[in-house]
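Read off the chains here:
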Amino acid sequence: MKLSTQFPTWKAVPFLLLALIFTTCFSISDASAQTESEEVFLEVDKMPTPPGGIDGWTSYLAENMKYPKAAKDANVQGTVVATFVVLENGELSNPEILRGIGKGCDEEVLRLVKASAKWTPGEKDGKIVKTQMRLPVKFQL
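On to the packing of aromatic side chains. The way to describe two aromatic rings as a pair is by their centre distance and the angle between their planes. With the rule as written, the count across this model stands at four aromatic pairs. On the basis of an interplanar angle of 35° and a centroid distance of 5.2 Å, the ring pair of W57 and Y60 is categorised as tilted. In this pair, W57 and Y60 are both assigned in helix α2 (residues 53-64), three residues apart and thus about one turn of the helix distant. Each member of the pair, W57 together with Y60, is buried. On the basis of an interplanar angle of 65° and a centroid distance of 5.3 Å, the ring pair of W57 and W119 is categorised as edge-to-face. Residue W57 is found in helix α2, and its partner W119 is found in the loop between α4 (105-115) and β4 (122-124); the two are separated by 62 residues along the sequence. Grouping residues by exposure puts W57 and W119 together as buried. Ring pairing ties together the aromatic residues W57, Y60, F84 and W119, which thus form one cluster.

Structure, rendered in structure tokens:
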């Protein structure tokens, strides 16, 4: 009687099946973690805050806003509403204008948002989360 030193192929099938199930479970849990981290909240328990709070934001705007010449010349006044996401690390992302007034004012608000220092991120259920913000900026001569 001759003994084979090779491992029979049919015995490897249960092992490979178990390995596939094990790998799939970890892949599914990783995918759900990515999905959760991609979620952007509109309502949170603790809203994001700019450096120095609201007073700090008002000072930042007063010191850095440049009223566009075209808007001054055309006597354009009003409120530009921007939206952006405060990321978990406090950086601002995806700035867009929801409502603009034109003549360079919209671009000025986008510039200010992009140049802003990091904010304190929002929190939901005790966890730091991405938070969608709306920001009105008033232009008045």
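This paragraph deals with the confidence of the model for the protein. Do not read the fine detail of predicted coordinates wherever pLDDT is low. For the protein, the mean per-residue pLDDT works out to 81, and 74% of the residues sit at or above 70. In this model, residues 9-36 is a region of pLDDT below 50 whose contacts with residues beyond four sequence positions or in other chains number one contact.

Criteria and cut-off values
Residues numbered from 1 in each chain as written. Predicted model: local features only at pLDDT ≥ 70, side-chain atom pairs only at ≥ 80, totals over all residues. Heavy atoms only, no water. Phe/Tyr/Trp six-rings, centres within 6.5 Å; stacked < 30°, edge-to-face > 60°. Helix = DSSP H or I, 4+ residues; strand = E, 2+ residues; numbered from the N terminus. Buried < 20%, exposed > 50% of the residue type's maximum accessible area, 1.4 Å probe, protein only. pLDDT = per-residue confidence, 0-100. Contact = heavy atoms within 4.5 Å.

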